[in-house]
Number of protein chains: 2
Amino acid sequence: MLQVSRKFEYGLHAVTYLATKGLGRVVTVKEMADELGFSQEFLSKAMQSLKRAGIAASVQGVKGGYMLGKSTDAITVADIAIAIEGEPHLVRCGVKADRCEIFSSCHHRGYMNTLQHKIQVLLAATTIHSLLKEVAG
Amino acid sequence: MLQVSRKFEYGLHAVTYLATKGLGRVVTVKEMADELGFSQEFLSKAMQSLKRAGIAASVQGVKGGYMLGKSTDAITVADIAIAIEGEPHLVRCGVKADRCEIFSSCHHRGYMNTLQHKIQVLLAATTIHSLLKEVAG
DNA sequence: GTTAAACAGGACTATTTTAACCCTATTATC
DNA sequence: GATAATAGGGTTAAAATAGTCCTGTTTAAC
Ligand code: SF4
Ligand code: SF4
């Protein structure tokens, strides 16, 4: 329970990788996959999600690739999580009420929702900038 | 990502149900399943986990059933999560290092581990006692 | 002491989610 | 026009979760 997906971790690694390369530098998926040690195809999907969210920017064509779409202190871990996994739903009923058979009689939905919010606050508290500092120091 | 399991929610509901019945009262799985509206067989597994963790106590035989094993302010949401899902592992490498192909080159393991710890602190901050008050108030 | 109602738990199956792969555009450089 | 890259749909494979079944053990009641 409560384990992050591999895709999210791929995405986070990719973003920190791009960050160390500087804001302007264009990097291909192939380079990142080789350097970080994971599947090119799968990372590619993660990058597409990050791009749609504006976290990464892409350049198409032969000399194309990805770069960061924002400065490192404008990207939080929560942003990456949402870009890749979509809106967070700690409980099934968050997706759609009828996903839970006891929705109408459930009394701790309120608590679960505040819990989810607190977790989001935790994720939003770390920017890529601060994460890189933490890793270095 | 980061969704709690149904079994955990079943367990949490069961514990709050037992709590409202008072510490001494013995309740059968059948009664709880009927009352809360979920599968007897599946709830039974959750109760067995809760019992092993000391959160619930059981009485075997004809007039048997379950009751709380501790007072409501000695049980936290984290306790229930651990009883049912086992030790939390936000990242794959927490289970076993070789579950992650990039373990040796990963730089944000430290961050992920502190994140996990903070989530545990959140869960441990709510006792069943305080949860019930929150629901009532 | 036999019966019946309950917990205990192993083993299996089904469902859902996640991960991975494949294949075809499209874009832009050379 | 060839090539190297992103964009993305669709399919398959693997893993985790949910749910079921079946057998045993305990104990109150008769
Ligand atoms: S049990 Fe309550 S909180 Fe959980 S999914 Fe159902 S309605 Fe939502
Ligand atoms: S990427 Fe890092 S934190 Fe995540 S599982 Fe691998 S070693 Fe652990």
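Computed from a predicted structure; not experimentally measured.

**Focus: the interface of chain A and chain B**
Listed by partner, the interface residues are 40 residues for chain A and 40 residues for chain B. In this assembly, chain A packs against chain B so that about 4000 Å² is buried in total across both faces, 62% of it on carbon and sulfur atoms. On the surface where chain A and chain B come into contact, there are four salt bridges. The closest approach of N and O atoms between A:R6 and B:E101, which form a salt bridge, is 2.9 Å. Remark: the boundary between chain A and chain B carries 10 residue pairs in polar contact (both at pLDDT 80 or more). At the level of secondary structure, the elements contributing two or more residues to the side of chain A that touches chain B comprise α1 (6–21), α4 (77–85), α5 (109–124) and α6 (128–136) of chain A.

**Things to note about the site of ligand 2**
Around ligand 2 lies a shell formed by A:E9, A:H13, B:V91, B:R92, B:C93, B:C100, B:I102, B:F103, B:C106 and B:R109. Its residues assigned to classes, the shell around ligand 2 comprises six nonpolar, one polar and three charged.

**Structural notes on the protein's contact with DNA strand C**
The environment of DNA strand C is formed by 28 residues, the closest being A:R6, A:Q60, B:K45, B:S58 and B:Y66. Within the side chain of B:K45, one N or O atom sits 2.4 Å away from a base oxygen of DNA strand C. Contributing elements (two or more residues each) for the surface near DNA strand C: α1 and α3 (40–52) of chain A together with α3 (40–52), β1 (56–59) and β2 (65–68) of chain B. Element by element, the count of residues in the surface near DNA strand C is highest for α3(B), at four residues. Of the residues assigned to the surface near DNA strand C, the class counts are eight nonpolar, 11 polar and nine charged.

**Things to note about the relation of the copies chain A and chain B**
Superposing the two chain copies requires a rotation about an axis and a translation along that axis. For the pair chain A and chain B, the best superposition has an RMSD of 0.0 Å and corresponds to a rotation of 180° with a translation of 0.0 Å parallel to the axis. One copy is carried onto the other by what is essentially a two-fold rotation axis. It is A:L2 whose C-alpha, among those of chain A, lies nearest the rotation axis, at 2.2 Å. A share of 100% of interface residues in chain A that are also interface residues in chain B marks the association as one of identical surfaces.

Each value, and the rule that gives it
Residues numbered from 1 in each chain as written. Chains lettered and ligands numbered in written order. Predicted model: local features only at pLDDT ≥ 70, side-chain atom pairs only at ≥ 80, totals over all residues. Heavy atoms only, no water. Contact = heavy atoms within 4.5 Å. Buried area = accessible area lost by both parts, 1.4 Å probe. Salt bridge = Lys/Arg side-chain N within 4 Å of Asp/Glu carboxyl O. Polar contact = N/O pair within 3.5 Å; in protein donor to acceptor, adjacent residues only side chain to side chain. Helix = DSSP H or I, 4+ residues; strand = E, 2+ residues; numbered from the N terminus. Near = heavy atom within 4 Å. Nonpolar A, V, L, I, M, F, W, Y, C, P; charged D, E, K, R; others polar. Least-squares fit on C-alpha atoms with pLDDT ≥ 70 in both.

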